[in-house]
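# Examining the three-dimensional arrangement
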Amino acid sequence: MKTIIATTALCLSAAAVFAAAHAMAPAVTASDQDTSGGTVSADSVIAPANGWLVVHRTDAEMAPGPVVGHAPLGEGENMDVTAILTEDVASGDMLMLMVHGEDGGMSTGVFEYTLGASEDGPIRQDGDLVMATITAE
């Protein structure tokens with residue numbers, strides 16, 4: 001009987017840890033970095049579902065601008081996510097690394113977002129975009 005109780009307690013504890021891991025708030029962690037190699041990276045990204053890390057140009061106004069790169073994300077914690085840049089980024093340029101969903105569009109697993117579209121659009125946490133802003137070095 002003690003074995004059954006111990007096994008049940010262990011299973012419940014594991015389920016609680018699993019649920020807590022999936023309840024982590026969406027987030028992006030990134031630092032200023034050298035983009036001369038044609039890539040930009042986030043140290044970690046927590047995604048609520050499969051989606052995309054999208055690199056937008058931005059400026060002091062902090063509005064998301066044109067997309068200049070993207071990388072796929074899996075649900076949960078993603079470490080060292082690297083996006084290939086599709087345009088040159090100069091030293092001093094500001095970039096917004098943002099979490100987008102995999103919603104709408106014609107194909108799953110194909111990034112289909114264009115600025116202002118709803119397909120594969122940005123996700124929000126409590127009304128705010130999930131993103132980090134960096135400066136290219």
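Above this text sits the structure in question.
The rules behind these values
- Position numbers for residues count from 1 along each chain, tracking the sequence in the order it is written.
- Two thresholds apply to this predicted model, a pLDDT of at least 70 for residue-level local features and 80 or more for giving and counting side-chain atom pairs, whereas whole-chain, interface and lining totals are computed over all residues.
- With hydrogens and water set aside, each side-chain value is computed from the structure's full complement of heavy atoms.
- Counted as salt bridges are all cases of a side-chain nitrogen of Lys or Arg within 4 Å of a carboxyl oxygen of Asp or Glu.
- The numbering of helices and of strands both runs from the N terminus, where a helix is a DSSP run of H or I of at least 4 residues and a strand a run of E of at least 2.
- Relative accessible area decides the class of each residue, using a 1.4 Å probe on protein chains only: under 20% of the type maximum gives buried, over 50% gives exposed, and in between gives partly exposed.
- One requirement defines pairing of two strands: DSSP has to find at least two bridges between them.
- Pairing of aromatic side chains requires ring centres within 6.5 Å, counting the rings of Phe and Tyr and the six-membered ring of Trp. Pairs whose planes differ by under 30 degrees are stacked, by over 60 edge-to-face, and all others tilted.
- N or O atoms closer than or at 3.5 Å make up a polar contact, with two conditions inside protein: a donor-capable atom paired with an acceptor-capable one, and, for residues adjacent in sequence, both atoms drawn from side chains.
- Should any heavy atoms of two residues lie within 4.5 Å, those residues are considered in contact.

This paragraph deals with the pattern of salt bridges. Tallied over the full model, the rule gives two salt bridges. With a closest N to O distance of 3.2 Å, Glu87 and Arg57 form a salt bridge. Placement of Glu87 in the loop between β5 (76-85) and β6 (94-101) and of Arg57 in strand β3 (residues 51-58) is noted, with a sequence separation of 30 residues between them. Asp93 is the partner of Arg57 in a salt bridge, and the nearest nitrogen-oxygen pair spans 3.2 Å. Taken together, the residues span a long stretch of sequence, with Arg57 in strand β3 and Asp93 in the loop between β5 and β6 at a distance of 36 residues. Here Asp93 falls in the partly exposed class, since its relative accessible area comes to 23%. Members of the salt-bridge network, linked through shared partners, are Arg57, Glu87 and Asp93.

Moving on: the pairing of β5. Here eight bridges tie strand β2 (residues 39-47) to β5, and the two strands are oriented antiparallel to one another. Residue pairing for β5: Val45 is matched across the bridge by Asn78. Note that strand β4 (residues 67-73) and β5 share two bridges and pair antiparallel. When the bridges of β5 are listed, Gly69 appears paired with Leu85. What sits between β4 and β5 in their antiparallel hairpin is a turn of two residues.

One pass over the full model with this rule turns up two aromatic pairs. Judged by centre distance (5.4 Å) and plane angle (65°), the ring pair of Trp52 and Phe111 falls under edge-to-face. Taken together, the residues Trp52 in strand β3 and Phe111 in the loop between β6 and β7 (124-125) connect sequence positions 59 residues apart. The class for Trp52 is buried, based on a relative accessible area of 6%. Measuring from ring centre to ring centre gives 6.4 Å for Phe111 and Tyr113, while their planes differ by 45°; the resulting arrangement is tilted. Through a chain of ring-to-ring contacts, the aromatic side chains of Trp52, Phe111 and Tyr113 assemble into a single cluster.

In this section: the pairing of β4. Bridge count for β3 against β4 is six bridges, and the pairing is antiparallel. In the strand pairing of β4, Leu53 is matched with Ala71.

Mapped onto the elements of the fold, His100 is located in strand β6. Engagement of the side chain of His100 in a polar contact is seen with the side chain of His56, the distance being 3.1 Å. Setting aside chain neighbours within four positions, we find His100 in contact with Gly51, Trp52, Val54, His56, Tyr113, Asp120, Gly121, Pro122 and Ile123.

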